[in-house]
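Architecture and fold: a report
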Amino acid sequence: MTWNEGLATGRPNGSNEAQGGPHWSAGALKPPQQSLTLGAWRLDCANARHMAGLTYAFLVFHLLLWTVLATLSHRAPPWDNIEQLVWQQSLEWGYYKHPPFPTWWVHGWTELLGRKMWVTFFAAQLSVVLMQFFIWRIALMVTTPARAFASVVLSSLAIYHGVHGIMANHNTLQLMPVGLLLWMTLRAVRGEGSAGQVWRWALVGAAAALCLLSKYSALIWLAVIGLWLLQDARMRSWRAWGGVALALLVCVLLVSPHISWLTQEGSPGLNYAGRAMQGQNDPDQINHWGRLAKFWVIQFGRVLPIFLGLGLMLALLRRANKKVGQAVDEAAHPVLGPASEKLSASSEWRFVLFMGLGPMLLTTVLGVLGVRLGSAWAATYFVMAGILALACLPLKPPSASPQFVRSVLLAGIVLEVLLALGMALGSGWLADLTGRGARSNFPAAKLARQLDRVWEAQATTPLRVVVGETWLAGNVSVRSKYQPLVFIEADRQKSPWIKPHMLEDCGALIVVDGRDLAEPMPAAMRELLDRAEASGRVKLHWTRLADRGPQLDVMWAVLPAQRPEACPR
C-alpha cells in the first residue's frame, strides 16, 4: 500500500511504527504530541486524511489570494489575458499563434462567470492549482502525507505558479494538462496488468492530447516520458507497450481536428512556433552562448522563492525544535533518514528525477544545438520542483510532528502573501505613484465608456465590431457595454469570427493608439480608415493619479453601416 492508498485508512503503511521506529511504554518518555491546532481545527499530523484536508485548504488559499489581489490591483489584465478574451469570442480548432485548448478553457469560465478581467486571473490560477493537485498525488506515492504537503507549499512559491500564474497564456494554461499527463502516466505504469488498465492508458492519451492542444512545446514532455518508459523495468513486455500504443491512438484521434485545421489554414501556429525557435519573436540580439546563459539565469530567478521558502522553513524548524529540546540536522539527507521519510527508497523516485530534471536538460541540449530559447518556454518545467526540494528538508523531527507541519505552513503563507502583495503593489499602486504607464494600470474602463458615447453620437446601430490591435481593441471590447467582436488589425485570418457582411450591416469602430500613428499600418486597417465618415481623439490620464504619468491618446474612426436594418439589435 502506498501513501496515496493510505488516504483511505487515515494511517499510511509506511509509518514509523511499521518500519521499526520508536516505541513508547509506560514509565518511559511520553510519545510526542502529533496534533496541531489551527483555529477551531485540531489537525492530526500523522493522519493522511487530515493532511489531505490541509493540502486542499492551502490550494484554495493560493487560488483566492492571487485572484483577489490581482483583481484589486489591476485596471487591465496582462496582454495575454486580453488576447484570450478576444479569441474566446469564437471557438475554433486553432488560432493564428497557438492551439485552441487554453482558449476553450477561458471560454468555459467566461460563459459561466462573465467576460470579465478577474475571470482570466481565476482561470489561470485554477490551472496552477489543478496542476499542484495532480503533482501532490504523485508526491503521495514517494513520501509521507506531511512531506507531500510541504512539496505543494514549496511548489506554490515558484514565480511561474504565483506572479506569472495570473497570466492566462498558453504556458500557464498548459500546467494543468501537464500535471494530469504525469499523474495518469505514472498510474498507468504502476497499474500494469490490473483491472481498468485500458482506461488508464486511454486517459494518458487524452491528457497528452490536451497538452499538445495547449502548446506544441508539449513534445518536450512527451520525449522525456518516452525516455523514462524505455528504461522502466515494468515496461519490458509487449503487453505493456500495447497500452502506450492505445494512448498514442487516442492522442492522435483527439488532435486530428487541429491537424486538419492546420492544413486548411496554412499552419499559422507552426509558423509562429518556427519563428520563435529562430528568435524572430524576440528582439534580443545577444550571441548564442549568452542567450543560453541568460535562459538559465532567468530560470534560477524564477525558482529562487522556493529556495527562500526552504531557508525560512529550516529557520522555523530550528526555532520550534529548540523549544522541545530537539535539534534539526540541516545536513541530513533523505538516504540517511528513516525508511518512511526516504525519497530515494521509493520505486518512483526515478520518475520524479526524470520529470523534474529532464525537460530543462533536453531544452538546454536544443539550445546548444542552435535553437534560440525563450525564457517562458520553461514555464511548465518546474511542476516537480516542490518534490525535488524535499531533499533539502531535514528528517528530524519526523514530518508527522506538529512543529514540522506548522513551520511549513507558516513559511508558505508568509512568502505567498509577500509575493502576492509585491505583485499587487508593483503592478498597480506603485506604478501609479511613480507615474509609470503600464498595462496593469491602463484606464480600460474609462476609455471604453468614452468610446461608447462616441459611437452612440455617431452611429445608429449597436456597436458590434471594434477594429484594432489586440491589446487596445480587446480592452475596449471587454469593457464596452456592447461587448463587440474584435477585428484584429482588420486581418481575417487572425479574426475568422468576423464575416464579410458584419461591417456592412453594423459598421465598425476603429481604434489606434496615438503612438502607433507614426508606424506603418496594415493595409487593411488603412483601407478601413479611408472609408470612415467620422474620426477624432480621446485623451485620458493613464494612471489613477491625474497629476502623474503619461497621457493616453487614442484615435477613433467610425465606419458607417451600409445596411443598418440588418444589424442585430
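Now for a quick tour of the structure. (Residues numbered from 1 in each chain as written. Predicted model: local features only at pLDDT ≥ 70, side-chain atom pairs only at ≥ 80, totals over all residues. Heavy atoms only, no water.)

As for helix H8 (residues 197–212)
We count it as follows: Going along the chain from the N terminus, every DSSP run of H or I of four or more residues is numbered as a helix, and every run of E of two or more is numbered as a strand. Given the number of residues in a helix, its expected span is that number minus one, multiplied by 1.5 Å. Under the scheme applied here, a residue whose accessible area is under 20% of the maximum for its type counts as buried, over 50% as exposed, and between as partly exposed, the area being computed with a 1.4 Å probe on protein chains only.
Given a rise of 1.5 Å per residue, 16 residues ought to cover 22 Å, and the 23 Å separating the end C-alpha atoms of H8 matches this to within 8%. Among the residues of H8, those classed as buried are Gln 197, Trp 201, Ala 202, Val 204, Gly 205, Ala 207, Ala 208, Ala 209, Cys 211 and Leu 212.

Some thoughts on the environment of Cys 45
For Cys 45, the location among the structural elements is in the loop between strand S2 (41–44) and helix H2 (48–73). On the accessibility criterion, Cys 45 (2% relative accessible area) is buried. Between the C-alpha atom of Cys 45 and that of Gln 403, which follows or precedes it by 358 residues, the distance is 9.6 Å.

Some remarks on a positive patch on the surface
We apply this condition: Within the patch definition used here, like charges are joined within 9 Å and nonpolar side chains (Val, Leu, Ile, Met, Phe, Trp, Tyr) within 5 Å, considering only residues with over 30% relative accessible area and no salt bridge. Note that accessible areas follow from Shrake-Rupley with a 1.4 Å probe, and for residues the cover is restricted to the protein chains shown. By salt bridge we mean one thing: a side-chain nitrogen of Lys or Arg within 4 Å of a carboxyl oxygen of Asp or Glu. The positive count covers Lys and Arg only, the negative count covers Asp and Glu only, and His and the chain ends enter neither. Here the site of a charge means atom NZ of a Lys, CZ of an Arg, CG of an Asp or CD of a Glu.
On the surface, Lys 446, Arg 449, Arg 453 and Arg 479 cluster together into a patch of positive charge. A total of 3 residues in the positive patch trace back to one element, the largest contributor, which is helix H16 (residues 444–458). By secondary structure assignment, the location of Arg 479 is in helix H17 (residues 470–479).

Quick word on the state of the cysteines
Definition in use: Whenever a pair of cysteine sulfur atoms sits within 2.5 Å, that pair is classed as a disulfide.
Under the criterion given, the structure shown has 1 disulfide. The disulfide that involves Cys 506 links it to Cys 567, with 2.1 Å between the sulfurs. Between Cys 506 and Cys 567 the sulfur-sulfur dihedral comes to about 110°; the bridge is accordingly right-handed. Here Cys 506, found in helix H18 (residues 500–506), pairs with Cys 567, found in the segment after strand S7 (551–559); they are 61 residues apart in sequence, far enough to count as distant. For Cys 506, a relative accessible area of 4% gives the class buried.

Observations regarding the environment of Met 525
Assignment of secondary structure puts Met 525 in helix H19 (residues 523–531). Distance from Met 525 to Val 467, taken between C-alpha atoms, is 8.0 Å for residues 58 residues apart in sequence.

Remarks on the sheet that holds strand S5 (residues 508–513)
Basically, it comes down to this: Two strands are counted as paired when DSSP detects at least two bridges linking them. Fitted lines through C-alpha atoms serve as axes, helices being fitted only where they are in contact, and the angles separating the N-to-C directions of these axes extend from 0 to 180 degrees. In what follows, a contact means two residues having at least one pair of non-hydrogen atoms within 4.5 Å.
Here 5 strands make up an open sheet; going across it, the order is S4-S3-S5-S7-S6 and the pairing mixed. Both outer strands of the open sheet, strand S4 (485–488) and strand S6 (534–541), are each paired with one neighbouring strand and no more. Pairs of neighbouring strands in the sheet enclose a mean axial angle of 25°, with direction left out of account. The strands that H16 touches are S5, S6 and S7; relative to S7, the one it contacts most, it runs at about 30°. Of the strands in this sheet, strand S3 (465–468), S4, S5 and S7 are in contact with H19, which crosses S5 at around 120°.

Read these as spatial facts, not as claims about activity.
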